[in-house]
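# Notes for the structure review
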Amino acid sequence: ACAATNAVQAAETAPSNVTHDDYGSVAASLTGVAGDPARGAAVMTDRGLGNCIACHEVTALKDAPWHGEVGPVLDGAGSRWTEADLRGIVVNSKMVFDGTIMPAYYKNSGYVRPGDLYTGKAGPAEMPTILSAQQVEDVVAFLLTLQD
Amino acid sequence: LLGTASGAWSDENATLIVNGEIEMVTRTAAPDHVPFDEIRSGWTFRTEETQVLQMDDFDNPGMIFVDQAIDTWNTAEGSEGKSCASCHEDVESSMQGVRAVYPKWNETAGEVRTLAMQINDCRENQMGANPYKYDSNPMAAMEALISVQSRGMPVNVAIDGPVSETWEKGKEIYYTRYGQLELSCANCHEDNYDNMIRADHLSQGQINGFPTYRLKNAKLNTVHGRFKGCVRDTRAETFSPGSPEFVALELYVASRGNGLSVEGPSVRN
């Protein structure tokens, strides 16, 4: 198991090495490992991870309570956007929607007063990303299942 | 939908009249320096169940702390053997209108003072007593007692003259996107008020109702306590209650509510 984990990490693209195209899309998988839509759904509803439903309503996730209305309803997102677009949006939505309120999930620098999770205390010198590379892939895989 | 047990939405045009006599302005035209047509008290965003708790002092759990603070007002503390009443006598007359204009410039000290700073200044320099912790329960209670004497009066905080520099600093903080989530106060309370964010109905983040009794933690909450919570929720390193940053932010946010009634202690969820 240890060797396998190392192999995955070696193949991961570091946050600073992710390339967005002119539209903000990210073509290459961050890990080379196919995303798991079920795990992606869990990440989207978990308050400590994606907490995407804080802002978005998603009919397919309606078993999880309390969907917000700050962002658009994500039903059909997989028809509206390509996999590369969705990866770009989840990695750093500001590259796709200028100045958006939506947080960047795979970025670890450029913050003002970054904190240590929700403790209110200063974060570590090396900030972690909000989601891991594989969690981003899992979320993208789930979003692709949202077809009209 | 109205009248269902869990979280009935309030009537948009409901009016807040406390004890059948104090008529509150909960919606009014925005002052020129606020980019809204209308400013709204946080009360207008709460459910009917929460709203009614503020309509009668017998139902308002925050009033218990006001009663406690009346005792404190009359109790001598510190090396000078004085109470608040020794100098300010009757709180109902001496503190009338005070809450409505704070934070304000103190000429002698040459600084912007929040109500909490002024209370601690009197404790330390007039009474020889220990200052309260900035966002502590006794501080919140004393602020509530002083607020009650201005209930129904319009918030009227000065933004120009000697406070203008602090006000500008507060405004800058209001629009800065803090923390790992990179969210500013404006992202939630200006761009998205009236929207749901998960289970919360976003208000304009006004402070005319402070201190606020929250059902969630069953105590009076101070302005800086609330600011700290909101900044923490952006996954940021917060500022401390009483810090120059939060004092500036309080002045700025208070001024965004100029024209709303002083409501403290209000009731929120």
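The preceding data block contains the structure.
Now for a look at the structure at hand. Residue numbers restart at each chain and count upward from 1, following the sequence in its written direction. Written order determines the labels here, with chains lettered from A and ligands numbered from 1. Totals for whole chains, interfaces and linings use every residue, but because this is a predicted model, local features are given only for residues with pLDDT of at least 70 and side-chain atom pairs only at 80 or more, for both listing and counting. Think of the side-chain values as coming from all heavy atoms in the structure, minus any hydrogens and water.

### What to know about the overall build of chain B
Let me state the cut-off plainly: Going along the chain from the N terminus, every DSSP run of H or I of four or more residues is numbered as a helix, and every run of E of two or more is numbered as a strand. The globule rule used here is 2.2 Å times the number of residues to the 0.38 power, and the radius of gyration it is set against is calculated over C-alpha atoms. Residues are treated as being in contact if the distance between any of their heavy atoms lies within 4.5 Å. Note on areas: Shrake-Rupley with a 1.4 Å probe; residue coverage comes only from the protein chains shown.
Helix and strand content of chain B: 10 helices and 11 strands. Here chain B has a C-alpha radius of gyration of 18 Å; the compact-globule value for 269 residues is 18 Å, and the two agree. For chain B, the spread of C-alpha atoms along the three principal axes comes to 55 × 40 × 30 Å. Considering only contacts within chain B whose residues lie at least 6 apart along the sequence, 68% involve residues at least 24 apart. Total accessible area on chain B is roughly 11700 Å²; 48% of this is exposed by carbon and sulfur atoms.

### Digging into the sheet that holds strand β11 (residues 266-268) of chain B
All names here are of chain B. Which entries qualify depends on this criterion: What makes two strands pair is DSSP finding at least two bridges between them. All axes are obtained by fitting lines to C-alpha atoms, using only the stretch in contact for helices, and the reported angles, taken between N-to-C directions, cover 0 to 180 degrees.
Taken together, the 3 strands give an open sheet; going across it, the order is β10-β9-β11, and neighbouring strands pair in mixed fashion. At either end of the open sheet lies a strand with only one pairing partner, and these are β10 (219-221) and β11. Each neighbouring strand pair of the sheet contributes to a mean axis angle of 40 degrees, computed without reference to strand direction. Where strand β9 (residues 212-214) lies against β10, 3 bridges are found, and the strand directions are antiparallel. Bridge pairing in β10 links Y213 to L220.

### Quick notes on the pattern of salt bridges
Between side chains of opposite charge, a pair can form as their charged atoms come close. Basically, it comes down to this: Throughout this description, the term salt bridge denotes a Lys or Arg side-chain nitrogen within 4 Å of a carboxyl oxygen of Asp or Glu. Throughout, exposure labels follow a simple rule: accessible area from a 1.4 Å probe, protein chains only, divided by the maximum for the residue type, with under 20% read as buried, over 50% as exposed, and the rest as partly exposed.
Under the criterion given, the structure shown has 16 salt bridges over all chains. With a closest N to O distance of 2.5 Å, A:R87 and A:E83 form a salt bridge. With A:R87 and A:E83 both in helix α4 (residues 83-92) and 4 residues apart, this pair spans about one turn of that helix. Of the charged contacts in the structure, one is a salt bridge between B:R40 and B:D194, with a shortest N-O distance of 3.4 Å. Of this pair, B:R40 sits in strand β4 (residues 38-40) while B:D194 sits in the loop between α8 (185-189) and β7 (196-197), and the two are 154 residues apart along the sequence. Relative accessible area serves as the criterion here: at 4%, B:R40 is assigned to the buried category.

### Some thoughts on the state of the cysteines
Residue and element names in this part refer to chain B. What counts is decided by this rule: For the purposes of this analysis, a disulfide is any pair of cysteine sulfur atoms at a distance within 2.5 Å.
Counted by the stated rule, this structure contains 0 disulfides over all chains. For the unlinked cysteine C84, the closest cysteine sulfur is that of C122, found at 7.7 Å. Looking at C84, the relative accessible area reads 16%, which means it is buried. Not engaged in a disulfide, the cysteine C230 finds its nearest cysteine sulfur in C185; these two sulfurs lie 7.5 Å apart.

### Comments concerning the interface of chain B and chain A
We count it as follows: Buried area counts how much accessible surface, traced with a 1.4 Å probe, disappears from two parts once they are put together, with both parts' losses summed. Under the scheme applied, nonpolar residues are Ala, Val, Leu, Ile, Met, Phe, Trp, Tyr, Cys and Pro; charged residues are Asp, Glu, Lys and Arg; polar residues are all the others, including Gly.
The interface of chain B with chain A comprises 24 residues on the first partner and 37 residues on the second. The largest per-residue losses of area from chain B upon contact with chain A belong to B:Q180, B:R198 and B:R235, which jointly make up 37% of the total buried on that side. There are 2 salt bridges connecting chain B and chain A. Among the salt bridges present, the one from A:K107 reaches B:E182, with a minimum N-O distance of 3.0 Å. Residues that form the side of chain B that touches chain A fall into these classes: 9 nonpolar, 7 polar and 8 charged.

### A short note on the packing of helix α2 (residues 63-73) of chain B against helix α6 (residues 137-148) of chain B
Residue and element names in this part refer to chain B. For clarity, the cut-off: Relative orientations are named as follows: roughly parallel for angles under 35 degrees, roughly antiparallel for angles over 145 degrees, roughly perpendicular for angles from 65 to 115 degrees, and oblique for any other angle.
Between α2 and α6, the least distance of the axes is 8 Å, while the angle of their chain directions is 95 degrees. Regarding the angle of α2 to α6, the classification is roughly perpendicular. Where α2 abuts α6, its residues M63, F65, V66, A69, I70, T72 and W73 lie against A141, M142, A144, L145 and V148.

### Looking at the nonpolar core
For the record, the criterion: Side-chain atoms within 4.5 Å are what join buried Ala, Val, Leu, Ile, Met, Phe, Trp, Tyr and Cys residues into a set we call a nonpolar core.
With 29 residues, the main nonpolar core has A:M44, A:V58, A:V90, A:L131, A:V136 and A:L143 as its most contacted residues. For this core, the elements supplying multiple residues, two or more each, are α2 (37-45), α4 and α5 (133-144) of chain A. If you tally residues by element for this core, the top one is α5(A), at 6 residues. Beyond its immediate chain neighbours, meaning those up to four positions away, A:L131 contacts A:V43, A:L49, A:G50, A:V90, A:Y105, A:Y106, A:V136 and A:V139. B:A116, B:Y134, B:M139 and B:A141 belong to the second largest nonpolar core, which has 27 residues in total.

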